[in-house]
Amino acid sequence: MRALLVVDIQNDFCPGGNLAVPGGDAIIARVNELIEHFGHVLLTQDWHPAGHHSFASTHAGKAPFETTELAYGPQILWPDHCVQGTHGAAFHPDLHIDKAQLIIRKGFRKEIDSYSAFFENDHETPTGLAGYLRERGIDTLYLTGLATDFCVKYSALDGRAQGFTVFVVEDAVRGIDTQGSLAQAWEEMREAGVAVVSSEEVMQIA
Ligand code: VGL
Ligand code: ZN
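Predicted model only: the values in this text are computed from it and were never measured.

Q: Could you clarify how one ought to interpret the pairing of strand E5 (residues 102-106) in this entry?
A: Two faces, one strand: in a regular strand the side chains alternate between the faces of the sheet. A one-sided burial pattern is seen for E5, the buried positions being Leu102, Ile104 and Lys106 and the unburied ones Ile103 and Arg105. Note: strand E2 (residues 41-46) against E5, five bridges, orientation parallel. By the bridge assignment, Gln45 is partnered in E5 with Arg105.

Q: Is there a simple way to explain the sheet that holds strand E7 (residues 165-174) in this structure?
A: The strands making up a sheet are joined through hydrogen bonds of the backbone, oriented either antiparallel or parallel. Spatially, the six strands line up as an open sheet ordered E5-E2-E1-E6-E7-E8, and their pairing is parallel. Sheet topology places E5 and strand E8 (195-197) at the edges, where each strand pairs with a single neighbour. On average, adjacent strands in this sheet sit at an angle of 25 degrees to one another, irrespective of strand direction. Pairing of E7 with E8, which is carried by three bridges, proceeds in the parallel orientation. Note on E8: the bridge partner recorded for Phe167 is Ala195. Here helix H1 (residues 28-37) sits on the sheet in contact with strand E1 (2-7), E2, strand E6 (140-146) and E7, set at roughly 155 degrees to E1. Its contacts with the sheet place helix H4 (residues 181-191) against E7 and E8, and it is angled at close to 160 degrees to E7.

Q: Which parts of the structure should I look at to understand the packing of aromatic side chains?
A: Pairs of aromatic rings are described using the distance from one ring centre to the other and the angle between the two planes. For the coordinates displayed, the defined rule picks out eight aromatic pairs. With 5.4 Å between their ring centres and 65 degrees between their planes, Tyr115 and Phe150 make a pair best called edge-to-face. Taken together, the residues Tyr115 in the loop between E5 and helix H2 (129-136) and Phe150 in helix H3 (residues 148-161) connect sequence positions 35 residues apart. Note on Phe150: relative accessible area 7%, which makes it buried. Among the aromatic residues, ring-to-ring pairing joins Phe65, Trp78, Tyr115, Phe150 and Tyr154 into one connected group. One cation-aromatic arrangement involves Arg2 over Tyr142; the distance from NZ or CZ to the ring centre is 5.0 Å. When the ring centre of Trp47 is taken as origin, the NZ or CZ atom of Arg105, which lies over that ring, is 3.7 Å away.

Q: Honestly, H4 in this entry has me stumped. Any pointers?
A: Residues spaced three or four apart along an α-helix face the same direction, because each turn holds 3.6 residues. Those residues of H4 that sit buried are Ser181, Ala185, Trp186 and Met189. Down the axis of H4, the sector holding all buried residues measures 135 degrees, keeping them to one side. Exposed side chains of H4 directed beyond 90 degrees from the buried face belong to Ala183, Arg190 and Glu191. The positive-phi residue at the C-terminal boundary of H4 is Gly193, with phi of around 85 degrees.

Q: I'm lost on the pattern of salt bridges in this one. Help?
A: Pairing between side chains of opposite charge can happen when their charged atoms approach one another. Taken as a whole, this structure holds five salt bridges when the rule is applied. Put simply, Lys106 and Asp46 hold a salt bridge, and the shortest N to O gap is 3.0 Å. Of this pair, Lys106 sits in strand E5 while Asp46 sits in strand E2, and the two are 60 residues apart along the sequence. There is no split in this pair, since Lys106 and Asp46 are both buried. Residue Lys153 pairs with Glu188 through a salt bridge whose shortest N-O separation is 3.1 Å. Separated by 35 residues along the polypeptide, Lys153 in helix H3 and Glu188 in helix H4 bring together distant segments of the chain. Here the residues in one salt-bridge network are Asp8, Asp46 and Lys106, joined through shared partners.

Quick notes on the rules
- Residues numbered from 1 in each chain as written.
- Chains lettered and ligands numbered in written order.
- Predicted model: local features only at pLDDT ≥ 70, side-chain atom pairs only at ≥ 80, totals over all residues.
- Heavy atoms only, no water.
- Buried < 20%, exposed > 50% of the residue type's maximum accessible area, 1.4 Å probe, protein only.
- Helix = DSSP H or I, 4+ residues; strand = E, 2+ residues; numbered from the N terminus.
- Pairing = 2+ DSSP bridges.
- Axes fitted to C-alpha atoms, helices over the stretch in contact; angles between N-to-C directions.
- Contact = heavy atoms within 4.5 Å.
- Phe/Tyr/Trp six-rings, centres within 6.5 Å; stacked < 30°, edge-to-face > 60°.
- Lys NZ or Arg CZ within 6 Å of the ring centre and 35° of its normal.
- Arc of directions from axis to C-beta.
- Salt bridge = Lys/Arg side-chain N within 4 Å of Asp/Glu carboxyl O.

So far we have only geometry, and geometry alone does not tell us how the molecule works.
Here's what the structure looks like:
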């Protein structure tokens with residue numbers, strides 16, 4: 001059984017938002033078509049408390065897109081984004097969310113960032129998604145959303161590591177691309193056995 005996973009299509013990741021992904025909103029129409037097509041739709045929502053340790057503003061003398069060491073290793077620092085309950089954390093108003101069966105919120109622990117829909121950035125604190133998928137008999141995931149080189153990539157890699165079949169829908173994702181991260185993401189995903197498909201191909205499958 002397969003499911004569509006829509007990653008972080010929130011106002012802050014779209015043009016005008018605090019951590020805007022270039023063309024982030026340009027994928028929404030396509031994602032809506034995929035939502036229409038799939039029987040099972042799951043969403044993720046980046047959901048940080050104010051003062052989150054992934055925010056540059058939390059660290060004196062640090063600027064966004066610099067890297068720092070947190071307890072679990074290196075962490076890129078971001079502009080404040082997706083603060084719980086704010087407009088920036090809300091799903092983009094054009095995204096058709098009504099059909100979603102599950103919303104995974106992530107990054108809600110102040111000290112740990114969470115890119116992946118499966119594990120936080122310490123690579124050991126689970127979000128519960130793997131158990132949810134297994135209990136429901138979902139073994140195949142089609143990934144869409146933002147950002148290709150962070151939350152989509154880590155979700156894809158962890159999905160593979162957890163034994164799921166993972167497709168990334170290449171025309172339904174967009175990347176941030178800091179320090180070469182986008183090219184590296186496609187490379188890492190391919191190496192991990194993540195399949196890349198177009199939305200057209202996906203919608204030809206019954
Ligand atoms: C994301 C950076 C920080 C993402 C979330 O959704 O890819 N990137 N938080
Ligand atoms: Zn975040």
